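Spelled out, the chains give:
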Amino acid sequence: ETGVTQSPTHLIKTRGQQVTLRCSSQSGHNTVSWYQQALGQGPQFIFQYYREEENGRGNFPPRFSGLQFPNYSSELNVNALELDDSALYLCASSLAGTGAGETQYFGPGTRLLVL
Amino acid sequence: KQEVTQIPAALSVPEGENLVLNCSFTDSAIYNLQWFRQDPGKGLTSLLLIQSSQREQTSGRLNASLDKSSGRSTLYIAASQPGDSATYLCAVKGAGNMLTFGGGTRLMVKP
């Protein structure tokens, strides 16, 4: 059983650019959630995808968008980058509908720095 | 809007001490509460998950309790070790399929 993986591990962009972050979910999981964690703070929920459809969204502007693919991997896209977008971006996968609390398993994260 | 608070924000203890980390949440309509560990610059490792119908969960030296009616959870770490040094985060799952996290407690266990 493979864990959650994310790529790239680190990324530097400049204001106004666009970025795509990638996540491969744990084997057998059908749900992917994305979180933004600013330095020294807890993660903030961005959105969740279940079977290729957005299934919940936090308080983030539309320039944060995502995709989930048939193999349940996912992308997070951020347009028009701002300095405040600098953060650790975490992906978590889970298996919806298990009735077992749906533990979310987190990847190692992508650290994005916007200059 | 759910808000999760963790106290203390930072804690430094000598090795061997038993310690308690606190988590409080404002909306008791939760499905579950989860405690995570985060090492510097790393992702999150799930430690314990407590369903809304449960009162506590145990794993090794860790014990987490949940009092949903009062909006509180505690994580008890017995016989702390330097390897326990990390940030501990609690998160509640409510409506909207989202986890709401607290700000974390940074724990340092000194040899």
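Check the entry above for the structure.
Attention in this report is confined to the structure presented alongside it. (Residues numbered from 1 in each chain as written. Chains lettered and ligands numbered in written order. Predicted model: local features only at pLDDT ≥ 70, side-chain atom pairs only at ≥ 80, totals over all residues. Heavy atoms only, no water.)

### Considering the environment of P82(B)
Residues and elements named next belong to chain B.
Consideration 1: Mapping P82 onto the fold places it in the loop between β8 (72-77) and β9 (86-93).
Consideration 2: Each C-alpha atom, one on P82 and one on K68, is 31 Å from the other, the two residues being 14 residues apart in sequence.
Consideration 3: In contact with P82, not counting residues within four places along its chain, are E15, V109 and P111. (Helix = DSSP H or I, 4+ residues; strand = E, 2+ residues; numbered from the N terminus. Contact = heavy atoms within 4.5 Å.)

### Concerning the side chain of R37(B)
Residue and element names in this part refer to chain B.
Consideration 1: Within the secondary structure layout, R37 lies in strand β4 (residues 32-38).
Consideration 2: Under the relative-accessibility criterion, R37 is labelled buried at 18%.
Consideration 3: A polar side-chain atom of R37 sits 3.0 Å from a polar atom in the side chain of D39.
Consideration 4: What R37 contacts, discounting residues up to four positions off in sequence, is G43, L44, T45, L47, G83, D84, S85, A86, T87 and Y88. (Buried < 20%, exposed > 50% of the residue type's maximum accessible area, 1.4 Å probe, protein only. Polar contact = N/O pair within 3.5 Å; in protein donor to acceptor, adjacent residues only side chain to side chain.)

### Thoughts on a nonpolar patch on the surface
Residues and elements named next belong to chain A.
Consideration 1: A cluster of nonpolar side chains, namely I12, L113 and L115, defines an oily patch on the protein surface of about 300 Å² accessible area.
Consideration 2: You can see I12 is positioned in strand β2 (residues 10-13).
Consideration 3: Look at I12 and you get exposed, because its relative accessible area is 58%. (Patch = residues over 30% accessible without salt bridge, like charges linked within 9 Å, V, L, I, M, F, W, Y side chains within 5 Å. Areas by Shrake-Rupley, 256 points an atom, 1.4 Å probe, with all protein chains shown as cover. Salt bridge = Lys/Arg side-chain N within 4 Å of Asp/Glu carboxyl O.)

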